[in-house]
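# Structure at a glance
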Amino acid sequence: MRRKIIIDTDPGQDDGVAILLALGSPAEIEVLGLVAVAGNVPLARTESNARKLLEVAGRTDIPVFAGCPRPMLRPLVTAEHIHGETGLDGPSFDDPTMPLQQQHGVDFIIDTLRAAADAEITLCCLGPMTDLALALVKAPDITRGIREIVLMGGAHFEGGNITPSAEFNVYVDPEAADIVLRCGCSITMLPLDVTHTVLSTEERLGRLAAIGNRCGIAAAEMLRFSERFDLARYGWSAAPLHDPNVIAYLIDPSLYTGRTINVTVELASELSRGMTIVDYWSVTDRAANVQYMRTANVDGFYDLLVERLAVLP
Ligand code: BDR
Ligand code: CA
């Protein structure tokens, strides 16, 4: 069944490619709105970037909302060292002219879920999970309308990418991640264990650029910028691609394999705050709450990405 989705996002070049992938897949996905959250860069940048991306894709009919400007309890940590000052460094995007909606993003999430049929809406979380967590705190009844929460975040086998043990999205707002993971909805996680295998090789970036449309070229230019830090840090031949896996999973879940297990978040320790405690081998009796993905069909993923970006302007 075609999925109605809300994308909560902190663009971010990889968020940008994820949004384009969703927009290029209208047979499978209907994007009801984008909610921007503070993460990779501050909120004023992420909401503006969300609007820039919709304008590049010619989809100014999709509303953009500003969500939360900071995590629930902690000061904001950003990642300009990866994404550049704007968060979307690489291509030269025009300043957006489409409006930002007046309604707060958290209230958009609540109103949309309350108006939905049972289990109708999929929430795609591509950044810190502050907005969805606040919506769940403010309006616990909204779980009724949630079909699935699909999030990029966490890690187990790969360790962390912002601290030795924590992945960025969970680290920035661990209390929000904890609330989401305990909400009782169906949850699928695409952690670093998957995304670190989804490498944007030069050949794959060349295929995106060779589509020749402005969205394909923008995607290649964005990823060519954000790969610099990863190439230097990891010493790999190509950089990992994170957030688009959330959307690819919605389009073709058979691209991924994993296990349904218990995942919790470390909140107390300064040293390992934001670490996801992934009971991959079910060594506890804690109830399974997450479909935790571990492998991706990487060639299949890039074939899909190229195919779908090709239908955009
Ligand atoms: C996540 O952190 C951000 O920098 C990316 O956009 C992605 O959502 C990867 O850890
Ligand atoms: Ca992101």
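Quick look at the structure, then. (Residues numbered from 1 in each chain as written. Chains lettered and ligands numbered in written order. Predicted model: local features only at pLDDT ≥ 70, side-chain atom pairs only at ≥ 80, totals over all residues. Heavy atoms only, no water.)

## With respect to empty space enclosed by the protein
Left-over empty space is what a probe sized like a water molecule reveals as it rolls over the atoms. As enumerated under the stated definition, the model contains 2 cavities of 30 Å³ or more in all. By volume, the largest cavity amounts to about 340 Å³. In terms of lining, the largest cavity is formed by 27 residues, of which the most central are Asp14, Ile82, His83, Asn161 and His242. For the lining of the largest cavity, the secondary-structure elements that each account for two or more residues are helix H1 (13-23), helix H3 (80-83), helix H6 (168-172), helix H10 (214-234) and strand S8 (239-240). The element contributing the most residues to the lining of the largest cavity is H10, with 6 residues. What the second largest cavity holds in volume is close to 30 Å³. Classifying every residue of the lining of the second largest cavity by side-chain character gives 6 nonpolar, 1 polar and no charged. (1 Å grid on protein atoms, 1.4 Å probe; cavity = no way out; pocket = protein on both sides within 12 Å on 5 of 7 lines; lining within 4 Å. Points joined across faces, edges and corners; volume = space filled by probe spheres on them. Helix = DSSP H or I, 4+ residues; strand = E, 2+ residues; numbered from the N terminus. Nonpolar A, V, L, I, M, F, W, Y, C, P; charged D, E, K, R; others polar.)

## Thoughts on the sheet that holds strand S9 (residues 256-261)
Strand order in the open sheet formed by 8 strands is S3-S2-S1-S4-S5-S6-S12-S9, and the pairing between neighbours is mixed. Each edge of the open sheet is held by one strand with a lone partner, namely strand S3 (64-66) and S9. Going from strand to strand, the sheet's axes swing by 25 degrees on average, the running direction of each strand aside. Pairing analysis gives 6 bridges linking S9 to strand S12 (residues 290-296), with the strands arranged antiparallel. Each bridged residue has a counterpart across the sheet, and for Ile261 the counterpart in S12 is Val290. (Pairing = 2+ DSSP bridges. Axes fitted to C-alpha atoms, helices over the stretch in contact; angles between N-to-C directions.)

## Description of the site of ligand 1
Near ligand 1 you find Asp14, Asp15, Asn40, His83, Leu126, Met152, Asn161, Glu167, Phe168, Asn169, His242 and Asp243, and these make up its full shell. Between an oxygen atom of ligand 1 and a side-chain N or O atom of Asn169, the distance comes to 2.9 Å. For ligand 1, whose unbound accessible area comes to 280 Å², protein coverage reaches 97%. Spatially, ligand 1 is embedded in the largest cavity. Contributions of two or more residues to the shell around ligand 1 are made by H1 and H6. (Near = heavy atom within 4 Å. Polar contact = N/O pair within 3.5 Å; in protein donor to acceptor, adjacent residues only side chain to side chain. Areas by Shrake-Rupley, 256 points an atom, 1.4 Å probe, with all protein chains shown as cover. Sits in = over half its atoms within 2 Å of the grid points.)

## Topic: H10
Taking 1.5 Å per residue as the helical rise, H10 with its 21 residues ought to reach 30 Å, and the 30 Å between its terminal C-alpha atoms agrees with that figure. What H10 keeps buried is the set Cys215, Gly216, Ala218, Ala219, Ala220, Met222, Leu223, Phe225, Ser226, Glu227, Phe229 and Asp230. Immediately downstream of H10, the backbone of Gly235 shows phi near 70 degrees, a positive value. (Expected span 1.5 Å × (residues − 1). Buried < 20%, exposed > 50% of the residue type's maximum accessible area, 1.4 Å probe, protein only.)

## A look at the pattern of salt bridges
One pass over the structure, following the stated rule, counts 15 salt bridges. As a salt-bridge pair, Asp118 and Arg144 come within 2.7 Å of each other at their nearest N and O atoms. With a gap of 26 residues between them, Asp118 in the loop between helix H4 (105-115) and strand S4 (121-125) and Arg144 in the loop between helix H5 (130-138) and strand S5 (146-152) connect regions that are remote in the sequence. Since its relative accessible area comes to 57%, Asp118 is described here as exposed. Residue Arg144 is classed as partly exposed on the basis of its relative accessible area, which comes to 36%. When the shortest N-O distance is used, the salt bridge between Asp178 and Arg182 registers 2.9 Å. Under the relative-accessibility criterion, Asp178 is labelled buried at 13%. (Salt bridge = Lys/Arg side-chain N within 4 Å of Asp/Glu carboxyl O.)

## A few points about the environment of Ala220
Summarising the element assignment, Ala220 is placed in helix H10. Residue Ala220 is classed as buried on the basis of its relative accessible area, which comes to 1%. For the pair Ala220 and Ala288, spaced 68 residues apart in sequence, the C-alpha separation works out to 38 Å. Residues contacting Ala220, with those up to four places away along its chain left out, are Leu205, Leu208 and Ala209. (Contact = heavy atoms within 4.5 Å.)

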